[in-house]
Amino acid sequence: MKELETLGYYEPGFFHLRLNTSSNILDLNNLFNSGQNKQLSSTFLHEYIHFLQEVTSTNGLLNGYFYIDLIKDINRKIRESKNIKFKVPVEIDNEFNTKAKMELNEVYRGNYKLTSYAKYDFYEKETTEIIDKEGKSIKPTKFKIHYTDIQTREKKYFYFGHTCLKEQIAHSIQNAYAETEHPDIPYQIAEQIVNIEYPNFGGANYKFIVALCDSSLMSFHPAQMFFNTIERMKKENFSPKNCKEIYDFAFKATMLKGEIGEFTANSLFEKVIDDSIKQYHNALKSPIFLEIYDWLNHILIQAKKLRLENPDFLCNLLDSRGNLTDAFYDIFRKLGSPFFTNNKNEGGFVPPTNLNKKHSRPFQLLVFKEILRVYFGEKSCSMINFCKL
């Protein structure tokens, strides 16, 4: 999202990490070990956490799945129209449930305005209605956050979703690594909510906040799981002693229901990651993409093992002094990095250590982003300068 791109950003679904700097970032060892630019290395860490969220959480995987489905649906619509030419932006309808899927994705993501200083007041639930291609009514719950804009003293509201959870996690870890200022919304509002709704949770420990937000991403509807878990904690007077207990509590007696069935948090994650591997396999069958698929397949297999064996791994990336731990470096060796670039379009990536088939074109997934941009009305390609290099 554009408003979150000041220092850097991560493009979910396309495995691209961008740092808005002209500095050379190809040598990550130098970036993290020289100590010359802690802000730059902390921004890389923030965006790298978004990469970890994409491959190790149910919500992150479903987002990637959503983009592939979106391209397939629009491609099918264009092919079946049998017209040589098509207009952009492409009209979105429910012929293949595209409109309904986009509306549901918006509910899960949330909708907010960047706010530097906010004071959380309270939340309320709203039910919205989405109609699918069969005329069936889907009624997901939206979580309306009421807050005070400290600068204007105005009472405002927004809809809480997975973006706030993901940014809270990344901010909390980045801030422990190197003190960092971020706007309250979306980066810090989840922590405010927890501290007001359940002060006994122990929110002063940033790792507890990370654990609660991360466990909420292991569901179809992360905001719903976040608030449901808080209400259960209040009811049961839950007081965690460590991060693992938070994951255990969040997943305990929790059945996640959706169109594809009923699951525990772990069984849902296993199904979604297995389906994602199949989805990427079907989308990347062309010979030019086979090495990319091998890379993604390897990453997702490693991510599945990491999440199931160490559900609280995000809480162990830093030690008590804010330094990167051996656990972080072990994860980095196993998963590698996404494709990363600076604002000069100088890029690179670190493949997983045990990846047998190394490839040299990690940028290929950005082609799919450009296809979507065209479908939604863009008339230029943002990769032109990169491809000229």
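Structure shown above.
Residues numbered from 1 in each chain as written. Predicted model: local features only at pLDDT ≥ 70, side-chain atom pairs only at ≥ 80, totals over all residues. Heavy atoms only, no water.

Draft legend 1. Main features of a nonpolar patch on the surface. On the surface, a nonpolar cluster with roughly 220 Å² of combined accessible area is contributed by Phe86, Val88 and Val374. The residue Phe86 is located in the loop between helix H3 (58-81) and helix H4 (98-109) in this model. (Patch = residues over 30% accessible without salt bridge, like charges linked within 9 Å, V, L, I, M, F, W, Y side chains within 5 Å. Areas by Shrake-Rupley, 256 points an atom, 1.4 Å probe, with all protein chains shown as cover. Salt bridge = Lys/Arg side-chain N within 4 Å of Asp/Glu carboxyl O. Helix = DSSP H or I, 4+ residues; strand = E, 2+ residues; numbered from the N terminus.)

Draft legend 2. Inspection of the packing of aromatic side chains at higher detail. Applying the stated criterion across every chain yields a total of 30 aromatic pairs. Centre to centre, the rings of Phe32 and Phe44 are 5.7 Å apart; their planes meet at 85°, and the pair counts as edge-to-face. Taken as a pair, Phe32 in helix H1 (residues 28-33) and Phe44 in helix H2 (residues 38-56) lie far apart in primary sequence, 12 residues in all. A ring pair is formed by Phe328 and Tyr329, whose centres lie 5.4 Å apart and whose planes are at 80°; its orientation type is edge-to-face. Here the guanidinium or amino end of Lys38 rests over the ring plane of Tyr177, the centre of that ring lying 4.5 Å away. Taking NZ or CZ as reference, Arg232 lies 4.3 Å from the ring centre of Phe249, over its face. (Phe/Tyr/Trp six-rings, centres within 6.5 Å; stacked < 30°, edge-to-face > 60°. Lys NZ or Arg CZ within 6 Å of the ring centre and 35° of its normal.)

Draft legend 3. Representation of the side chain of Arg18 in the model. Here Arg18 shows up in strand E2 (residues 16-19). Look at Arg18: it is buried, it has no salt bridge, and the nearest opposite charge is Glu11 at 7.1 Å. Within the local environment of Arg18, its side chain forms a polar contact with the backbone oxygen of Asn342, the two atoms lying 3.2 Å apart. Beyond its immediate sequence surroundings of up to four residues, Arg18 is in contact with Gly8, Tyr9, Thr341, Asn342, Asn343 and Asn345. (Buried < 20%, exposed > 50% of the residue type's maximum accessible area, 1.4 Å probe, protein only. Lys, Arg positive; Asp, Glu negative; His and termini not counted. Polar contact = N/O pair within 3.5 Å; in protein donor to acceptor, adjacent residues only side chain to side chain. Contact = heavy atoms within 4.5 Å.)

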